Amino acid sequence: MADLGIIGYGNMGSAIAQGYKNKYPKAKVLVFDKDKAKLKIAKFKTAKFLKELAENSNILLIAVKPQDIDSLLLELKRFSLKDKTLISIAAGIPISRLEKFLGKDTKIIRVMPNLGAFVQRSISAMAKNKNVSNKDFSSAKRIFAGLGKVLEVKEKEINAITAVSGSGPGYIYYFLALLEKAAQKAGFDKEKARRLILETAVASVLLAEKSGMEFSELVKKVASKKGTTEAGLKEFKKAELGKTVEKAVLSALKRAKQISRRIVD
Ligand SMILES: NC(=O)c1ccc[n+]([C@@H]2O[C@H](COP(=O)([O-])OP(=O)(O)OC[C@H]3O[C@@H](n4cnc5c(N)ncnc54)[C@H](OP(=O)(O)O)[C@@H]3O)[C@@H](O)[C@H]2O)c1
């Protein structure tokens, strides 16, 4: 019996399988994908059919795109899931949707990882339904610990998680791309600009993590009175960047709520 059976061996499915195996080399992982080409190159034991995976795994992890969920659930509900724990990472799909297809007594966990999964630095928010015992939940947490940090949340918090840490990498890359463009205006070619920005970003984040200091305190550490950073920051304040960032996060939250409401129907 496999500890973990992964349905959908795409970007996230393969990252989760690898992260789990790195952290727990003895763990047994079984994978299944409807795209047979993906299974051919898989580094894990593969199942030929969904039934084979469902019958031979203790935990089933659904890692298909949200638009493929319904047809997958219709197939899955034909198998006995009584003693299984089902984990879904599909964005915007509420636990109630999974219960609707698989039955209210199924053990279901919803997880929102982020792009950090590809470098084992995801922050994965995890919520469970009432059928999941503490022991089941601990086993599920071990899987996502292989991808980075784990945060237990209530399901109602997942939309806000999506707007902050789910979309977060997108906001940060957007800002880095703007900085890279500005550095080119300051006279660097694209390659040099990228190197300067990337090293600066990595060092800044590492220092924030290592020191545990507030972000605002770290800003003060760089921006001395009447200095260059202060001159730059004045422009951000003049443009009320803070308000724009707040609006961006709240818009993402509104959209996450719209998407999950539409899916509940
Ligand atoms: N990427 C992220 O950063 C991120 C972050 C958080 C959450 N997520 C969630 O993670 C999930 C997977 O995303 P992804 O980027 O890994 O997608 P992906 O690369 O497209 O992988 C999904 C795989 O599942 C296969 N599949 C579809 N229906 C199936 C079925 N019924 N049975 C077996 N396999 C099936 C797909 O095959 P075909 O290609 O042939 O359709 C594809 O190989 C999504 O629900 C997404 O919301 C992603």
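Note that the structure is predicted; figures quoted are calculated from it, not measured. (Residues numbered from 1 in each chain as written. Predicted model: local features only at pLDDT ≥ 70, side-chain atom pairs only at ≥ 80, totals over all residues.)

**Things to note about the site of the ligand**
And step 1. Around the ligand there are 25 residues in total, and G8, G10, M12, A90 and A91 lie nearest to it.
And step 2. Take the shell around the ligand: its biggest share by element is three residues, from helix α1 (residues 11–23).
And step 3. Among the residues forming the shell around the ligand, the class breakdown is 13 nonpolar, six polar and six charged. (Near = placed C-beta within 6 Å. Helix = DSSP H or I, 4+ residues; strand = E, 2+ residues; numbered from the N terminus. Nonpolar A, V, L, I, M, F, W, Y, C, P; charged D, E, K, R; others polar.)

**Observations concerning the domain arrangement of the protein**
It is common to report an interface's size as the accessible area lost on association of the parts.
And step 1. Segmentation of the protein into domains returns domain 1 (2–153) and domain 2 (166–259).
And step 2. For domain 1 and domain 2, the distance between their C-alpha centres works out to 34 Å.
And step 3. Facing the five residues of domain 1 at the interface are five residues of domain 2.
And step 4. Classifying every residue of the side of domain 1 that touches domain 2 by side-chain character gives three nonpolar, two polar and no charged. (Domains from an automatic or database assignment. Contact = placed C-beta atoms within 7 Å.)

**Section: the pairing of strand β7 (residues 122–128)**
Each regular strand displays side chains that alternate between the two surfaces of the sheet.
And step 1. Within β7, seven of the seven residues are buried, which leaves the element mostly enclosed by the surrounding structure.
And step 2. Residue alternation in β7 divides its side chains into two sets, S122, S124, M126 and K128 and I123, A125 and A127, and both sets are buried.
And step 3. Where strand β6 (residues 107–112) and β7 come together, four bridges link them in antiparallel fashion. Within β7, the position partnered with R110 by the bridge is A127.
And step 4. With five bridges joining them, β7 and strand β8 (residues 148–152) adopt parallel strand pairing. What sits directly across from M126, in β8, is E152.
And step 5. Handedness of the crossover joining β7 and β8 through helix α6 (residues 134–145): right-handed. (Buried ≥ 20, exposed ≤ 12 C-beta atoms within 10 Å, placed from the backbone. Pairing = 2+ DSSP bridges. Right-handed = clockwise from strand over helix to strand, strands pointing away.)

**Some thoughts on α6**
In an α-helix, one turn spans 3.6 residues; hence positions three or four apart end up facing the same way.
And step 1. For α6, with twelve residues, the first-to-last C-alpha span of 16 Å sits near the 16 Å given by 1.5 Å per residue.
And step 2. Along α6, the residues that are buried comprise A140, I143 and F144. The buried residues of α6 occupy an angular sector of 90° when projected down its axis, which confines them to one face. Along α6, exposed side chains directed more than 90 degrees from the buried face belong to N134, K135 and S138. (Expected span 1.5 Å × (residues − 1). Arc of directions from axis to C-beta.)

**Notes on the nonpolar core**
And step 1. Counting residues in hydrophobic clusters, the biggest one holds 46 residues, and the most contacted among them are I6, I7, I16, L61, I62, A63 and I87.
And step 2. With five residues, the top contributor of residues to this core is α1.
And step 3. Each residue touching A63, except ones within four places of it in the same chain, is listed here: I6, I7, G8, G10, M12, G13, I16 and I89. (Core = buried A, V, L, I, M, F, W, Y, C linked by C-beta atoms within 7 Å.)

**Looking at the pairing of β6**
And step 1. Most of β6 sits out of view: six of its six residues are buried.
And step 2. What you see with β6 is no split at all: K107, I109 and V111 on one side and I108, R110 and M112 on the other are buried throughout.
And step 3. The sheet contact formed by strand β5 (residues 85–88) and β6 spans four bridges and is parallel. Bridge pairing links L86 to I108 in β6.
And step 4. Between β5 and its parallel partner β6, the chain crosses via helix α5 (residues 95–102), and the hand of that crossover is right-handed.

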